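Topology and contacts: notes
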Amino acid sequence: MSGSEPFSREGQLQCLADASEFDIVIVGGGATGVGVAVDAASRGYRALLCEQHDFGKGTSSRSTKLIHGGVRYLQRGNIGLVRESLRERQLLINNAPHLVHPQAFVLPLHNWWESVYYRLGLKAYDLLAGRLGLGQSSRLSRQETLTELPTLRADRLRGGIRYLDGAFDDARLLINLVQTAIEQGAICLNYLPVTELLRSGGKVVGVKASDLHSKHQFDVGAKVVVNATGPFSDQICRLDDPQAPSQIAASQGVHIVLERRFLPGDAALLIPKTVDGRVVFAIPWHDHTLVGTTDTPVDQTLLEPVALPEEIDFLLDAISGYLTLQPERSDVLSVFAGLRPLIKREGGAHTSKLQRDHQVRVSDSGLVTIVGGKWTTYRKMAADCVDQVAILANLHRVASTTASLPIHGAMRSPVPSRLSIYGSDRQMLAKLMKEDVKYTEQLDEALPYTVGEVIWAVRHEMAQSVEDVLARRLRALMLNARAALRSAPRVAQLLATELGHDPSWARAEVDRFQAVAQGYLATDEK
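Residues numbered from 1 in each chain as written. Predicted model: local features only at pLDDT ≥ 70, side-chain atom pairs only at ≥ 80, totals over all residues. Heavy atoms only, no water.

Quick notes on unusual backbone geometry
Following Gly 292, the chain continues into Thr 293 via a peptide bond in cis, with omega recorded as 15 degrees. With respect to the helices and strands, Thr 293 occurs in the loop between strand 14 (288-292) and strand 15 (296-297). Of note in the backbone geometry, Met 462 takes a positive phi value of approximately 60 degrees without being a glycine. Position of Met 462 among the secondary structure elements: in the loop between helix 12 (451-460) and helix 13 (466-473). On the basis of relative accessibility, which here comes to 2%, the residue Met 462 falls in the buried class. (Helix = DSSP H or I, 4+ residues; strand = E, 2+ residues; numbered from the N terminus. Buried < 20%, exposed > 50% of the residue type's maximum accessible area, 1.4 Å probe, protein only.)

Structure, rendered in structure tokens:
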């Protein structure tokens, strides 16, 4: 590795410039692509990951923040996916305990048949989980339910059911996975879009990639190219074959964020069935309340999808039916949308009915495309994909080691705190914060993030823009869009100093961020 800082973008670019052919080039820097990079590098294969924007810019930073066994898939009879999800949930809790943790959920009951139906379903879930379970589900009395969910409406309430699943910070986990891939020997670069697939004798033999900052072009040879671009998979497939049929049925999921007072307890709320049959969660997340999600089929796969007004209204209506506090649009601190890369099935089923399993497909030219899946099973998806790559490239066969591979930062904090998300990096961050008294200053009074965390994100986490910092290294944009907008000018100045840009760059960067952040505001103050 070049340079003293292994996670600098400049160091990664130098590694790419010094490299010859790779065993595997991965296109896409979300959970699936980064997972493939970790798996391939940990087996000793030479791996390069190319991301067109920032790591996790798309779906992987916009999830419902759940690492779950898939209790909903049990209802649909997909036992295999539930078993797989339960195993992967436990592995993530083991390998990234600073970011993935058990979360209590409470399902309110309003009549006797609900009690029987959901109790039986969750008992089946307990039995299926077995030793992988996080704890047995339990029946709650009416008062116990109100103790767990203090703002729950008491009218018609008969009791509840409490069960445990997993919760996490998606973008933070992704950044730690990028760091893990680099530690294992992979090269990972953001802002390096693949613009062309290189071919020889009718086979894909590499990629042409362009550094968006320097405009330098790289022709990179590879034994196998993997398309792990999620909702954008069809676009890469058509670089291979312009007539390739669509594989993705994209679905938009929207989340709204409210103040903690709407869900002040430690438990999450599960709304098992809304007016149109969906499931909605309200989850404690970074001292706020996250409510989601919707399931809206979309025709366009945008890098920055925007919530529809009716999606916001749907979530507000759903949560208002259960809480004594009735949130309005003015209470929504932030709203964000993400696209699910669901596998298109015969018969045109609605996206809400499509399963979340995954497939690894190989084109006639040898392009490998991995489609479908979900955050919980990213590791298993990656292992399956690399198994296929090893066969295609005739690589020395090595079994996947990621089931027991700690993710960068992994440690159990004896006293969990806000900075626990940095895991084992927390001590280095604390040392950095002591270098300058200004580093302890908050960016905005509405959020706890500090100047020092911005410096850390640039120096150690490859952040290149205001959006990288405020949306994904810190979660400010997801938690409170107005506070993020107020923080943008100072973050731009800090970035300009750290990255060697002039004041005009900082001003333009604020403008770019403001344009993106408008889509996270639920009201018409734009």
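A short note on the environment of Gly 11
Within the fold, Gly 11 resides in helix 1 (residues 9-18). Residues Gly 11 and Ala 40, spaced 29 residues apart in sequence, show a C-alpha to C-alpha distance of 20 Å.

Let's talk about a nonpolar patch on the surface
On the surface, Trp 112, Trp 113, Val 116, Tyr 117 and Leu 120 cluster together into a nonpolar patch covering about 600 Å² of accessible area. Inspection of the secondary structure puts Trp 112 in helix 5 (residues 112-129). (Patch = residues over 30% accessible without salt bridge, like charges linked within 9 Å, V, L, I, M, F, W, Y side chains within 5 Å. Areas by Shrake-Rupley, 256 points an atom, 1.4 Å probe, with all protein chains shown as cover. Salt bridge = Lys/Arg side-chain N within 4 Å of Asp/Glu carboxyl O.)

Examining the confidence of the model for the protein chain
Averaged over every residue, the pLDDT of the protein chain is 92; residues scoring 70 or more account for 95%. For the stretch residues 347-354, pLDDT sits under 50, and the model shows 17 contacts to residues farther than four places along the chain or on other chains. (pLDDT = per-residue confidence, 0-100. Contact = heavy atoms within 4.5 Å.)

Looking at the pairing of strand 20 (residues 447-450)
Of the pairings in the sheet, the one linking strand 19 (residues 442-444) to strand 20 comprises two bridges and is antiparallel in character. Of the residues in strand 20, the one forming a bridge with Asp 444 is Leu 447. Linkage of strand 19 to strand 20, two consecutive antiparallel strands, is achieved through a turn of two residues. (Pairing = 2+ DSSP bridges.)

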